[in-house]
Number of protein chains: 2
Amino acid sequence: MPPSKGYAALNATSPLAPYGFTRREPGATEIVVEILYCGVCHSDLHMARNEWGQSIYPLVPGHEIVGRVTALGSAVKKFKLGETAAIGVIIDSCRHCAPCNRGEEHFCDEGATLTYAAKDRVDGSITMGGYSNNYVVDERFAHTVPANLSPAAVAPLLCAGITTYSPLRHWNVGPGKKVGIIGLGGLGHMGLKFAHSFGAHAVQLTTSLKKKEDALKLGADEVILSTDPAAMKAHAGTFDFILDTASAPHALEPYLALLKQDGTLTMVGLPEKPPTVAPFALIGKRLSVAGSMIGGMEETQQMLDYCGHHNITSEVEVIPIQKINEAFERMLKQDVKYRFVIDMSSLK
Amino acid sequence: MPPSKGYAALNATSPLAPYGFTRREPGATEIVVEILYCGVCHSDLHMARNEWGQSIYPLVPGHEIVGRVTALGSAVKKFKLGETAAIGVIIDSCRHCAPCNRGEEHFCDEGATLTYAAKDRVDGSITMGGYSNNYVVDERFAHTVPANLSPAAVAPLLCAGITTYSPLRHWNVGPGKKVGIIGLGGLGHMGLKFAHSFGAHAVQLTTSLKKKEDALKLGADEVILSTDPAAMKAHAGTFDFILDTASAPHALEPYLALLKQDGTLTMVGLPEKPPTVAPFALIGKRLSVAGSMIGGMEETQQMLDYCGHHNITSEVEVIPIQKINEAFERMLKQDVKYRFVIDMSSLK
């Protein structure tokens, strides 16, 4: 393997800066991916700054990876040299527990291996993410990418895409269902696109009517200003499902009031301050508050294939890696439509 | 109708005291029930003291009613004079919405009528509950009672029973399932009996090992001290369903850690301080926190019939109505095994 280079945080307060390291030679079932694009997820910022208390430094973030296969182990079957490959939030798992055996590696009983800042199962090293020029991964944890999609706009599908696709599928969002999306950021805009594409009546719930035109363009059948009690009351008890992508602190009760009997609100955002759930808000209509996180390898591939068939990608702003620290600051101000993606050719 | 007498709270701070009032003559589909026993639910205390801010005074509590049919409207089909009848938490609903039409009157779109402190749909009066000598109710909202069961021990089934039976049925608790019950009070001990009877592996979760022997007698296959981190860790990720009956403030996260992938914790208790739900505690295994409340008329009758077939009743301490204020104080100290029931012959 040629030396790897990327951008790393050296500690919780340092900005990301150029960093050199090495990756192992690919094993028999592994591929080497030359990274073309890597999406910028809010988790990258949380992890770079150790806001979840689990970071390991130096830390190279990035788990929305699209690239080109440049080397293959002898037993690789899924990829050919030169093909496009994608890597998401997990890059390994125990591969033998019940969830792994049914293709739900994200529920691995022993814990899946994260794409960065985790202990690699093969060589014990600390995984380094996609803000870098290449990656080595077992083919099981890499995905093929439909040729008709723009690679830069595919990158965010690997986290923001599957994180919204999976719960919308799991809770059977489709024709005849009224579905709300809370938040219109990286996750929310993908949730809106999928809910619309699945044939549901898709409603964007937003605290800012400035986002109304954009939401309608992205697929919303309706937009509701969640801070308007009259508007919220008019829709009370009419939603089958709500996908909550908001990462800012927010009360759940006003949204729960929108749900029908047996409805579910599923959180995929990670607000720093956990919301309270008043039992009174749940019991009257037997409601549920759930959580969901990415998806397994099988479903992630299904999602990418679905996006190929329906021509769905993320809305992105492509940046050179030299602008990553600025992008982090803009992301904190929600100043991005709707996902930053790093053009890794800027590393050269 | 002869005059009614009962015990009422005249305001939020007054103790319950004798109170006289009148009930209407029964309509064509209504029955008059001479009340024999009425269970004492924690809601009665909350409502007597206006702790939920919705009380209407004078307030006669009581919604776990068992009695004898003493008069019948001309069109009544379900009851004969002298038969035993039971009345629970709701005594009317719109009777024409979709939930009512499918026998789920507790989800009535227009709101069901509560047994006390609610506006009666027939005559506009304020409903007076079962801490009294009689009740007038439409036969749709009264239930037949299996003859083999003790009427005093049946009374709590009308709230504590159906409140635990319904979610255990809805979430398919049965053979092959491991089910936890949080709390061993009026609700919890019924949840434990039902979970055991349904064939599940029933586990009592308790903060006090003093309750262990009782829990085992009531049907627990295991008892776990929830304050023992090692014991809780040993059971992590092994439960299919948890029924949370606790009314004291408590964190949900330690219990959520017990659930398997796609598991659900359902709250039926009503802690005054709503618990927080950390998204991180839900997303890793796609868990749900839900709420449930009593059941419809059809399911309530099914529950009573099931109890008849399986000889299930509540554990009760029978008191004369003159001891109701003392019983409230003891209930606050959890000094009851496991439900007070008022013997209404003490009213005479």
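Residues numbered from 1 in each chain as written. Chains lettered and ligands numbered in written order. Predicted model: local features only at pLDDT ≥ 70, side-chain atom pairs only at ≥ 80, totals over all residues. Heavy atoms only, no water.

With that settled, consider the interface of chain A and chain B. Contacts between the two partners involve 34 residues from chain A, matched on the other side by 34 residues from chain B. Taking both partners together, chain A and chain B bury about 2900 Å²; carbon and sulfur atoms supply 65% of that area. Considering only the side of chain A, the residues that lose the most area to chain B are Phe107(A), Ile283(A) and Arg286(A), jointly responsible for 23% of the buried surface there. At the boundary of chain A and chain B, one finds 2 salt bridges. The salt bridge involving Arg286(A) is made with Glu104(B); its shortest N-O contact spans 4.0 Å. Linking chain A with chain B are 11 residue pairs in polar contact (both at pLDDT 80 or more). Each residue belonging to the side of chain A that touches chain B can be placed in one class, and the counts come to 19 nonpolar, 10 polar and 5 charged. (Contact = heavy atoms within 4.5 Å. Buried area = accessible area lost by both parts, 1.4 Å probe. Salt bridge = Lys/Arg side-chain N within 4 Å of Asp/Glu carboxyl O. Polar contact = N/O pair within 3.5 Å; in protein donor to acceptor, adjacent residues only side chain to side chain. Nonpolar A, V, L, I, M, F, W, Y, C, P; charged D, E, K, R; others polar.)

A separate point is the sheet that holds strand β12 (residues 222-225) of chain B. Spatial ordering of the open sheet is given by β12(A)-β11(A)-β10(A)-β13(A)-β14(A)-β15(A)-β15(B)-β14(B)-β13(B)-β10(B)-β11(B)-β12(B), a layout of 12 strands whose pairing is mixed. In this open sheet, the two strands that pair with only one neighbour each are β12 (222-225) of chain A together with β12 of chain B. When the angles between neighbouring strand axes are averaged without regard to direction, this sheet yields 20°. Judged from the 5 bridges that link them, strand β13 (residues 239-244) of chain A and strand β14 (residues 259-267) of chain A form a sheet pairing that is parallel. By the bridge assignment, Phe241(A) is partnered in β14(A) with Thr264(A). Of the strands in this sheet, β10 (178-182), β11 (201-206) and β13 of chain A touch helix α5 (residues 186-197) of chain A, which is tilted by about 170° from β10(A). Those strands touched by helix α4 (residues 160-170) of chain B are β14 of chain A together with β10 (178-182), β13 (239-244) and β14 (259-267) of chain B, and its axis lies near 160° from that of β13(B). (Pairing = 2+ DSSP bridges. Helix = DSSP H or I, 4+ residues; strand = E, 2+ residues; numbered from the N terminus. Axes fitted to C-alpha atoms, helices over the stretch in contact; angles between N-to-C directions.)

All names here are of chain B. By the element assignment, Lys-273 lies in the loop between β14 and α9 (279-283). The class of Lys-273 is exposed, set by a relative accessible area of 60%. Sequence separation of Lys-273 and Gly-73 is 200 residues, and the distance between their C-alpha atoms is 45 Å. (Buried < 20%, exposed > 50% of the residue type's maximum accessible area, 1.4 Å probe, protein only.)

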